[in-house]
Amino acid sequence: RMDLLNQTIVNTLLLQEAKKNKIEVSDNDVDGLLNEAPLPAGQTIESIAQIQGFTLDEFKSRIKDQLVIQKLLNQTLILDASNQEIEDYFNKNKESFNQKLSVNASHILVNNSKEADDILKELKNGVSFEELAKEKSLDPGTKDNGGNLGIFPKGVMVKEFEEAAFALKTGEVSEPIKTSFGFHIIKVIENFEEKEATLEESKEKVEELVRREKLNEAAIKYIQDLYKNADIKIYLKEE
């Protein structure tokens, strides 16, 4: 209970500071973020909000507050990463930047084998995979972008799906694959072999991680200073 109270105080202090600095976020910014957010299979923004105990408007309001706070911190705490910091971070975490065996794949998910077979026939007759995914796929998290799942390594998908995806070459389409979710038709967009990372290729990503780490440290101090200088009265007794 005290943790929740302290988090509420911190959010209030940051939102007050953002208001002083006239930092705002529009409803369009919130909608844009939510529209681009990857969703778990079968989930919608409305269902996620409901699971967390909020109406859609309440959920969007909380997202807006977080965007305002992030904008405040990004504008107030401007931090650069030096070449030495970037090199040190890369050397310390080099293995995490290595390219793993992975694929960029799309899929169309349906309920039964007959529908999957019919879709496969349409694909063989030249109908666009992306258009069929938008029209017929049951996966709400991917159908609007043509069924694309993005890049994923081995070990994150169910066994049957993974075996089929990693057996395909770039541009190939699978036969219908049955999993616990239904029947999938998979198309591989690109294959990625294992590759050892270099600092030159990883520099942009490393720089962003270093900046984020420094931002987190600076944000803690910034919040502590706000807390120290604020007039806060707590009437709830800690148990």
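Parameters at a glance
Residues numbered from 1 in each chain as written. Predicted model: local features only at pLDDT ≥ 70, side-chain atom pairs only at ≥ 80, totals over all residues. Heavy atoms only, no water. Buried < 20%, exposed > 50% of the residue type's maximum accessible area, 1.4 Å probe, protein only. Helix = DSSP H or I, 4+ residues; strand = E, 2+ residues; numbered from the N terminus. Pairing = 2+ DSSP bridges. Core = buried A, V, L, I, M, F, W, Y, C linked by side-chain atoms within 4.5 Å. Contact = heavy atoms within 4.5 Å. Polar contact = N/O pair within 3.5 Å; in protein donor to acceptor, adjacent residues only side chain to side chain. 1 Å grid on protein atoms, 1.4 Å probe; cavity = no way out; pocket = protein on both sides within 12 Å on 5 of 7 lines; lining within 4 Å. Points joined across faces, edges and corners; volume = space filled by probe spheres on them. Nonpolar A, V, L, I, M, F, W, Y, C, P; charged D, E, K, R; others polar. Phe/Tyr/Trp six-rings, centres within 6.5 Å; stacked < 30°, edge-to-face > 60°. Axes fitted to C-alpha atoms, helices over the stretch in contact; angles between N-to-C directions. Parallel < 35°, antiparallel > 145°, perpendicular 65-115°, else oblique.

A short note on the pairing of strand 1 (residues 102-110)
Step number 1: With 9 of 9 residues buried, strand 1 is to be regarded as a mostly interior element.
Step number 2: Inspection of the sheet shows strand 1 paired to strand 2 (residues 148-153) by 5 bridges, in the antiparallel sense. The partner of serine 102 across the bridge, within strand 2, is proline 153.
Step number 3: Bridge count between strand 1 and strand 4 (residues 182-192): 9 bridges; the pairing is antiparallel. Directly across from histidine 107, in strand 4, lies its bridge partner isoleucine 186.

Considering the nonpolar core
Step number 1: One finds Leu14, Leu34, Phe59, Leu72, Leu73, Leu77 and Tyr222 to be the most contacted residues of the largest nonpolar core, which totals 21 residues.
Step number 2: Of all elements in the fold, only helix 1 (2-20), helix 2 (27-36), helix 3 (45-51), helix 4 (56-76) and helix 10 (199-229) reach the threshold of two or more residues within this core.
Step number 3: Not counting the four nearest positions on each side in its chain, leucine 77 is found in contact with Leu215, Ala218, Ala219 and Tyr222.

What about the environment of threonine 179?
Step number 1: Of note, threonine 179 is situated in strand 3 (residues 177-179).
Step number 2: For threonine 179, a relative accessible area of 7% corresponds to the buried category.
Step number 3: Put simply, threonine 179 and lysine 159 are 20 residues apart on the chain and 8.4 Å apart in space, counted from C-alpha to C-alpha.
Step number 4: When neighbours within four sequence positions are excluded, threonine 179 is seen to be in contact with Val158, Glu160, Phe161 and His184.
Step number 5: A distance of 3.1 Å separates the side chain of threonine 179 from the backbone nitrogen of phenylalanine 181, its partner in a polar contact.
Step number 6: At a separation of 2.7 Å, a polar atom in the side chain of threonine 179 contacts the side chain of histidine 184.

Side note on the layout of surface pockets
Step number 1: Its volume calculated, the largest pocket comes out at about 670 Å³.
Step number 2: Contributing to the lining of the largest pocket are 30 residues, with Leu39, Asp139, Pro140, Gly141 and Thr142 lying nearest its centre.
Step number 3: Broken down by secondary-structure element, the contributors of at least two residues to the lining of the largest pocket are helix 2, helix 3, strand 1 and strand 2.
Step number 4: Partitioning the lining of the largest pocket into residue classes produces 15 nonpolar, 10 polar and 5 charged.

Regarding unusual backbone geometry
Step number 1: The phi angle at lysine 22 is positive, at roughly 55 degrees, despite the residue not being glycine.
Step number 2: Mapped onto the secondary structure, lysine 22 falls in the loop between helix 1 and helix 2.

With respect to the packing of aromatic side chains
Step number 1: Taken as a whole and judged by the stated rule, the model has 4 aromatic pairs.
Step number 2: Taken together, a centroid distance of 6.4 Å and an interplanar angle of 50 degrees make the contact between phenylalanine 152 and phenylalanine 161 tilted. Here phenylalanine 152 matches phenylalanine 161 in class, with each residue buried.
Step number 3: An angle of 80 degrees between the planes, with centres 6.2 Å apart, marks the rings of phenylalanine 152 and phenylalanine 166 as edge-to-face. With phenylalanine 152 in strand 2 and phenylalanine 166 in helix 9 (residues 159-167), the pair connects residues that are 14 residues apart, well separated along the chain. Accessibility classification places phenylalanine 152 together with phenylalanine 166 in one group, the buried group.

A few points about the packing of helix 1 against helix 10
Step number 1: Remark: helix 1 packs on helix 10, axes separated minimally by 10 Å, with the N-to-C direction vectors making an angle of 90 degrees. In terms of axis orientation, helix 1 runs roughly perpendicular to helix 10. Counting all contacts with helix 1, which are made through Asn6, Ile9, Val10, Leu13, Leu14 and Glu17, the residues of helix 10 involved are Tyr222, Ile223, Leu226 and Tyr227.
Step number 2: Partitioning the contact of helix 1 with helix 10 into residue classes produces 8 nonpolar, 1 polar and 1 charged.

Describing the sheet that holds strand 1
Step number 1: In space, the 4 strands of this open sheet follow the order 2-1-4-3, with antiparallel pairing throughout. Strand pairing shows two members of the sheet lacking a second neighbour, strand 2 and strand 3, which therefore form its edges. Strand-to-strand, the axes of this sheet are offset by a mean angle of 45 degrees, without reference to chain direction.
Step number 2: With 3 bridges connecting them, strand 3 and strand 4 associate as antiparallel partners. Each bridged residue has a counterpart across the sheet, and for lysine 178 the counterpart in strand 4 is phenylalanine 183.
Step number 3: Its contacts with the sheet place helix 8 (residues 129-136) against strand 1 and strand 4, and it is angled at close to 45 degrees to strand 1.

Nothing here speaks to function; it is geometry throughout.
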